[in-house]
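Summary of structural features
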Amino acid sequence: MGVTIHAKSDSEVTSIDASSPPRSPRRPLYYVQSPSHSQHDVEKMSYRSSPFGSPAHHYHCSPIHHSRESSTSRSNHLAVWKRIPRANDDDHDDTGADEDDMSDQGNVKFYVLCFLFSFLVLFTIFSLILWAASLPYKPKIFIKSMVFENLNVQAGIDGTGVQTDMLTLNSTVRIYYRNPASFFGVHVTATPLELHYYMLKVASGQMKKFYEPRKSKRIVVAVLQGHQIPLYGAIPLLSDAKDRIQSVSVPLNLTFLMRSRAYILGRLVKSKFYIHISCQVTLRGNHLGKHINLTSSGSCNYR
């Protein structure tokens, strides 16, 4: 009985071998764990690869079937790894694009700052050149003449009720002004013109402000007046000769400051010229109403 079964088994084996195509040598079985497989699939594959499995199991775990499963596992595994770099590449591309945008913005800001700095430097240099070029064009000023038109000394009472001699004086000053600049005009003002006898102010007046265009000149007239100025005996020459005004000779001092402002480039670039003027002039009773020439006498000081 045992022999018959053995012979039958050999025939079956022979027939199976004859009917089956020749196969390549059996390769060692292996598996690749895919993220899509569960733990149950791993145990199943391990059981199939065991040498103690049934023949049916050995038949179903043929190299062809295993190769297909391995190819599928490898394909899934590679697909996962292919997707990950793509995601990383997308992130890298986005990050690179953001970095490029930030770099472009930084370059734009840098160029803007360079342009502003260069503009300020060039504008400053240009302004300094204009300012330096305007310095030699200082206005030409001198006192042409002065006229004492009226002189009167009489007794009176000051504001506190003290009796003293009171002085009334009218005079006119003629000032020559010339702007030699060829590329800017000037705005001219002056402090009050004052006429002193030592420390006593006997007359004062204000010159009207004006604008002098480039390369032009004019004669400026200022009126100085003194009305009821208490003397308190400060000018004894007038006290002694108040009835003889024609014989009076009193030295006086004329002082004022003339200011000239040149707006070369609007109010951004401007030049200022200050000239202090001081003239020694003599009031003579017999020269009332006559012009006193102060141009060539050398009695005026300009600084």
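Definitions and cut-offs
- Residues numbered from 1 in each chain as written.
- Predicted model: local features only at pLDDT ≥ 70, side-chain atom pairs only at ≥ 80, totals over all residues.
- Heavy atoms only, no water.
- Helix = DSSP H or I, 4+ residues; strand = E, 2+ residues; numbered from the N terminus.
- Buried < 20%, exposed > 50% of the residue type's maximum accessible area, 1.4 Å probe, protein only.
- Areas by Shrake-Rupley, 256 points an atom, 1.4 Å probe, with all protein chains shown as cover.
- Disulfide = S-S within 2.5 Å.
- Phe/Tyr/Trp six-rings, centres within 6.5 Å; stacked < 30°, edge-to-face > 60°.
- UniProt positions renumbered as here; feature names shortened; annotations may be inferred.
- Salt bridge = Lys/Arg side-chain N within 4 Å of Asp/Glu carboxyl O.
- Pairing = 2+ DSSP bridges.

What follows is about the overall build of the chain. Looking only at helices and strands, the chain features five helices and eleven strands. Burial status across the chain gives 28% buried among its 303 residues. Here the chain displays about 20200 Å² of accessible surface, and carbon together with sulfur accounts for 58% of that area.

Throughout the structure, instances matching the rule amount to one disulfide. Across the disulfide from Cys-279 sits Cys-300; the S-S distance is 2.0 Å. Handedness of the Cys-279-Cys-300 disulfide follows from its S-S torsion of about 115 degrees: it is right-handed. Placement of Cys-279 in strand S9 (residues 269–284) and of Cys-300 in strand S11 (residues 300–302) is noted, with a sequence separation of 21 residues between them. For the residue pair Cys-279 and Cys-300, the accessibility class agrees, reading buried in each case.

On to the environment of Leu-135, then. Tracing the backbone through its elements, the reader meets Leu-135 in the loop between helix H4 (63–134) and strand S1 (140–157). Spatially, the C-alpha atom of Leu-135 lies 8.9 Å from that of Lys-272, the residues being 137 residues apart in sequence.

A full pass over the atoms with the stated rule returns eight aromatic pairs. Both rings, one in Phe-110 and one in Tyr-111, keep their centres 6.0 Å apart while their planes meet at 55 degrees; by these two values the pair is tilted. In terms of burial, Phe-110 and Tyr-111 fall into one category: exposed. Where Tyr-197 meets Tyr-198, the ring centres are 4.8 Å apart and the plane angle is 85 degrees; that geometry is what we call edge-to-face. Residue class for Tyr-197 comes out buried when judged on its relative accessible area of 12%. Grouped by ring-pair contacts, the aromatic residues Tyr-137, Phe-183 and Phe-184 constitute a single cluster.

Before going further, it helps to examine the UniProt feature "transmembrane region" (unreviewed entry) in the chain. In the numbering used here, UniProt assigns the feature "transmembrane region" (unreviewed entry) to residues 110–133. Between the first and last C-alpha atoms of residues 110–133 the distance is 34 Å; the span itself is 100% helix and 0% strand.

Quick look at the pattern of salt bridges now. All chains considered together, the criterion is met by two salt bridges. With a shortest N-O distance of 2.6 Å, Arg-218 and Glu-212 are connected by a salt bridge. The class of Arg-218 is partly exposed, set by a relative accessible area of 33%.

Before going further, it helps to examine the pairing of strand S2 (residues 163–179). Among the 17 residues in S2, 13 count as buried, and that is most of the element. One ladder, built from 16 bridges, connects S1 with S2; its direction is antiparallel. Across the sheet, Leu-151 pairs through a bridge with Leu-169, a residue of S2. Note: S2 against strand S7 (residues 216–230), 13 bridges, orientation antiparallel.

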